[in-house]
Amino acid sequence: MSQQGYVATPPYSQSQSGIGLSPLHGHYGDPSHAASPPGMMKPVGNLGATAPVVMMSPSPPPPGPHQLGQNGAQASGHSPQRFPGLLPVNSAAPSYAQYQPSTQPSYPSPVSTSSVTHLGSQLSAMHINSYGSGMAPPSQAPPGPPSVASFQGPPRPPQPSVLQPGSQVLPPPPTTLNGPGVSPLSLPAHRQDGLPGLPPLNTQYQPPPPPGPVLGAGYSPQQQAANYGPQMAGAQLSYPGSFPECPAQMAGTPPPPKKLDPDSIPSPIQVIENDRATRGGQVYSTNTRGQVPPLVTTDCVVQDQGNASPRYIRCTTYCFPCTSDMAKQAQIPLAAIIKPFATIPSNETPLYLVNHGENGPVRCNRCKAYMCPFMQFIEGGRRYQCGFCNCVNDVPPFYFQHLDHIGRRLDHYEKPELSLGSYEFVATLDYCRKNKPPNPPAFIFMIDVSYSNIKNGLVKLICEELKTVLEKLPKEEQEETSAIRVGFITYNKVLHFFNVKSNLARPQMMVVTDVGEVFVPLLDGFLVNYQESQSVIHNLLDQIPEIFADSNENETVFAPVIQAGMEALKAAECPGKLYIFHSSLPTAEAPGKLKNRNDKKLLNTDKEKILFQPQTSVYDSLAKDCVAHGCSMTVFLFPSQYVDVASLGLVPQLTGGTLYKYNNFQMHLDSQQFLNDLRNDIEKKIGFDAIMRVRTSTGFRATDFFGGAFMNNTTDVEMAAIDCDKAVTVGFKHDDKLNEDSGALIQCAVLYTTIGGQRRLRIHNLGLNCSSQLADLYNSCETDALINFFAKSAFKAVLHQPLKVIREILVNQTAHMLACYRKNCTNPSAVNQLILPDSMKIFPVYMNCLLKNCVLRSRPEISTDERAYQRQLVMTMGVADSQLFFYPQLLPIHTLDLKSTMLPAAVRCSESRLSEEGIFLLANGLNMFLWLGVSSPPELIQGIFNVPSFAHINTDMTLLPEVGNPHSQQLRMIMNIIQQKKPYSMKLTIVKQREQPEMVFRQFLVEDKGLYGGSSYVDFLCCVHRKISQLLN
Ligand SMILES: [Zn+2]
């Protein structure tokens, strides 16, 4: 099926570093420390004396039996997990969910079924409902709604001729609406000019009146018509230049054109709801290798039984192809999205901490993998075979234990590293810089006190808020106060350091005017313990707005500010984080000075990539220095015009920090969002001075890394800090054959410094299956993870390649992946039908959302800074965040059941799902909109806004009024639920139907044709179908 000239592999992934180098040479810390130190011989079996641990009363055993995956011995169902003397990392008293004892995996592998999503015309849908080739029998289908729906329409003779790509067929009967699984699809015509008056079947929404002046300038009539007109009704709406590689392919004389019913194509909402119905609220045990976890949108309780929780690691597929040829054939990216510090809900067990004292963690001599459930003990327990490199190692004497009758160590359930997927080790001095224990981290607050920030009250707001948030500095669970020290700097075109030593009556200011070569004017008294210096610090925070009240300085520096913070941490020999509050383009004469280069003429040219690159190399080398010294940086940006986010945002991105951006900050509207972000960021769980290493079993290796990290070599992912919201996406490639029996094993190890200043190793292990059957690979795919990978790889490529090329690669690879499935895993008859694997049936709609994102679309209406900002955000997103970002949640509010605390069922992101009588809430993780139809029920408007009618609603608010009635209370509760656990505080925008701000809202109706280009879901699906047909023919 491969065709000459077809770009099967994204060229940008070939340019990644790391290809062709051996992964098996790196390690953390002292190269010599991994071997058993000869002088450490201890009496065999005397574990209590030789394996010091953090002493606690025995932790409650996780209830329920324990099972190993297929790669290990099958556990007898009565052995509980026991970790006496071990302390869960995040809590001294972990709470346990009510586990359901079971000797079976909680879920049968849900996608290893024969279900497919079958999209074809109704003319032949009768004949093909499922394809069994190479797949498990349907009897293994998961419980719940059937994933294969039988098509109930009347039989018709097959008419292959009308199934040519681009041809037009009759719409399916209404009985197929919203059916899960099989979705017979009538293909829309390339030219949608046949039945302009026929509305989609489910249309409740009356399109707004013809666009008038309210739309504003800048939108051509065609775009207006496309967005405001009835769906799919306008002439020549298909493929508006978005996919030049998708030309019209009319087969012969076009039959009478018909309209496509959007309900007949796979619905993300349906997929999400089905997964919730079958797997939500249950216990998900990680005891089975290659098991596909519930979707990120499904709530469940994860029980670690030998593989890392999906909260820590998610994969694009849980079954790797055995050979690289197979991988090339399918073109499915093999990747893991790793969020090593993910937040764990209170009803799941926090990580256990293992302390082997001066012996340190036990590691394989050859590949340096850490002791884990994938190590196989042999020879009576004296040796073990590494699951990653197969090396046979001696068990260090202090670690010896006898084996039971099935070859398992007697202490199997007492040691987390033998029976769990995730745990931590206390690191020895070998793992520390200069072999010295690290100092606790420090936070340095750096405030831009230039004229505009003083004048608009921002400086005062920040200073006031710091008094509150400093009380909430993160601390170790068992500690009374935070070990984190704090320091303060203000700046405009010069820097002001403050001495806030506790014995001072009032703070002292030292000005550094030489911004060309910043030095730290004081060490003693700059970084202090907040509790000890509280009164001096409060004095300072009160004074700062006064000190600069009369300043007229407009110019700022930026790179010297970062430099100053990093030098201060370096001098104090501690890792830490800079909190920078900044507003303008740094134009003052200094390193890192920037000029306004926001040249819209570069859009849609080969030079557009320049806009995403930093305009000077200063920030790149600063980022490198920062990472080398464990200095992370988070920036709160308050721009009122272009500030060059691509340059200013580089250091936060590469140092594991965060960039928050508040455009045209208005005190009365935006304060709450900013303050929520600041509080949340300071209180986050975070690790400092981190190095991540991903080891794999033989036959494949990690080659591509995307995330907030710096790579000095091909294997060590260096991160100045990593917090609970940051994920690193890791791509894998084959370097040999994989074995179906041993599977594909991954171990992610993160060496880091805790907020209390302890050096630790956090280990996550995950076993995947391998298969020589393509169908197994497709059945084990996870669409949300695939989109995360594609988004990051594409957004990285934006720095080097024209957008058009990147979009073409994405479309081509989508078609290629699905064509390979069609050719190899389904019935060969009716080749022109579009058939999608069940696990990927909403892959096309998500891919189209990615293609329409403003990063991949050049339009002068979208600011360059906003595009650079979104690009950077996505690069560190985990799977749940990227899912919501690309496919927003749209909830009908007018149908709320006031007695229920459940969220209402979401609807698809399309204009056709709105109604004039409705009120809808939309959220994507960054923005939240409350959309009000012109005929919204007055009692709801009264209830939510406390005004009598639609016309009385003031849209100039970012918080809903607290009205004391059930409508208001429930809506605000829903908004709180949506906001929970999200990395960014979402700004609320009130949108009235047919008013100007609706244009912004419409960008998020991602199934419709894009406001700034990009196809509708329906058009894109047809485009992909045509490309698949081309590949197959
Ligand atoms: Zn090994």
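These numbers come from a predicted model, not from an experiment.

Once that is clear, we can look at the coordination of the zinc ion. For the zinc ion, every protein donor is listed as C364 (SG), C367 (SG), C386 (SG) and C389 (SG), and the spread of their distances is 2.3 Å. Classification of the site at the zinc ion as tetrahedral follows from its 4 donor atoms and the range of 100 to 116° in their angles at the metal. The sequence pattern formed by the donor residues of the zinc ion is C-x2-C-x18-C-x2-C. Here the residue C367 occupies a position in the loop between β8 (352-354) and β9 (376-378), and C389 occupies one in the loop between β10 (383-385) and β11 (392-394), the gap between them amounting to 22 residues. For C367, a relative accessible area of 4% translates into the label buried. Take C389: its relative accessible area is 5%, and that puts it in the buried class.

Between helix α17 (residues 783-797) and helix α20 (residues 864-875), the least distance of the axes is 9 Å, while the angle of their chain directions is 135°. Here α17 lies oblique to α20, going by the angle between them. Between α17 and α20 lies a crossing of left-handed hand. Here α17 contributes A791, K792, F795 and K796 to the contact with α20, which in turn contributes Q870, R871, V874 and M875. Grouping the amino acids of the contact of α17 with α20 by side-chain chemistry returns 4 nonpolar, 1 polar and 3 charged.

In this model, the protein carries an average pLDDT of 80, and 75% of its residues clear a pLDDT of 70 or more. Under a pLDDT of 50 for its full length, residues 91-257 has, in the predicted model, 389 contacts with residues more than four places off or in other chains.

Bringing the sheet that holds strand β32 (residues 987-992) into the picture now. Spatial ordering of the open sheet is given by β29-β30-β31-β32, a layout of 4 strands whose pairing is mixed. Pairing within the sheet leaves two strands with one partner each, and these edge strands are β29 (889-892) and β32. Averaged over all neighbouring strand pairs, the angle between strand axes comes to 20°, with direction disregarded. Direction of pairing for strand β31 (residues 927-932) relative to β32: parallel, over a ladder of 6 bridges.

Between helix α18 (residues 803-825) and helix α25 (residues 1017-1032), the least distance of the axes is 8 Å, while the angle of their chain directions is 60°. It follows that α18 is oblique to α25 by the angle criterion. For the pair α18 and α25, the sense of crossing is right-handed. Listed contacts from α25 to V811, N812, T814, A815, H816, L818, A819, R822 and K823 of α18 are F1020, C1023, V1024, K1027, I1028, L1031 and L1032. Here the contact of α18 with α25 is built from residues that sort into 10 nonpolar, 3 polar and 3 charged.

Here the distance between the centres and the angle between the planes together describe a pair of aromatic rings. Taken as a whole and judged by the stated rule, the model has 38 aromatic pairs. Note on F443 and F688: the rings are 6.4 Å apart at their centroids and 50° apart in plane angle, and the pair reads as tilted. Pair noted here: F443 is in strand β13 (residues 442-448) and F688 is in strand β21 (residues 686-696), with a separation of 245 residues, a long-range link. A relative accessible area of 1% means that F443 is categorised as buried. Centre to centre, the rings of W931 and F1001 are 6.2 Å apart; their planes meet at 20°, and the pair counts as stacked. Here the residue W931 occupies a position in strand β31, and F1001 occupies one in helix α24 (residues 998-1002), the gap between them amounting to 70 residues. Summarising the burial analysis for this pair, W931 and F1001 share the class buried. When the ring centre of Y869 is taken as reference, the NZ or CZ atom of K661 above it lies at 5.1 Å.

On to the sheet that holds strand β7 (residues 335-338). Spatial strand order, β5-β7-β25-β22: 4 strands in an open sheet with antiparallel pairing. Since the sheet does not close on itself, it has two edges, and those belong to β5 (313-315) and β22 (700-706), each with one partner. Direction aside, the axes of adjacent strands within the sheet are offset by 25° on average. Bridge count for β5 against β7 is 3 bridges, and the pairing is antiparallel. The residue bridging R314 from the neighbouring strand is I337, located in β7. Strands in contact with α17 are β5, β7, β22 and β25 (728-734); relative to β22, the strand with the most contacts, it is inclined by about 60°.

Let us now look at the pairing of strand β30 (residues 919-923). Here β30 lies mainly inside the structure; 5 of its 5 residues are buried. What you see with β30 is no split at all: I919, L921 and A923 on one side and F920 and L922 on the other are buried throughout. Both β29 and β30 contribute to a ladder of 4 bridges, which runs antiparallel. In the strand pairing of β30, L891 is matched with L921. Of the strand pairs in this sheet, β30 and β31 are connected by 5 bridges, and their pairing is antiparallel. For F920, the partnering residue across the bridge sits in β31 and is W931. Counting the residues in the hairpin turn of β30 and β31 gives 3 residues, including G925, whose phi is positive at 95°.

Positive phi values are uncommon outside glycine, yet Q331 reaches one of about 60°. For Q331, a relative accessible area of 6% gives the class buried. Despite not being glycine, D689 has its phi angle at roughly 50°, a positive value.

Cut-offs applied
- Residues numbered from 1 in each chain as written.
- Predicted model: local features only at pLDDT ≥ 70, side-chain atom pairs only at ≥ 80, totals over all residues.
- Heavy atoms only, no water.
- Donors = N, O, S within 2.8 Å, 3.2 Å for Na, K, Ca; no water.
- Tetrahedral: all angles 85-135°; square planar, octahedral: opposite > 155°, others 65-115°.
- Helix = DSSP H or I, 4+ residues; strand = E, 2+ residues; numbered from the N terminus.
- Buried < 20%, exposed > 50% of the residue type's maximum accessible area, 1.4 Å probe, protein only.
- Axes fitted to C-alpha atoms, helices over the stretch in contact; angles between N-to-C directions.
- Parallel < 35°, antiparallel > 145°, perpendicular 65-115°, else oblique.
- Left-handed = near helix turned anticlockwise from the far one by under 90°.
- Contact = heavy atoms within 4.5 Å.
- Nonpolar A, V, L, I, M, F, W, Y, C, P; charged D, E, K, R; others polar.
- pLDDT = per-residue confidence, 0-100.
- Pairing = 2+ DSSP bridges.
- Phe/Tyr/Trp six-rings, centres within 6.5 Å; stacked < 30°, edge-to-face > 60°.
- Lys NZ or Arg CZ within 6 Å of the ring centre and 35° of its normal.

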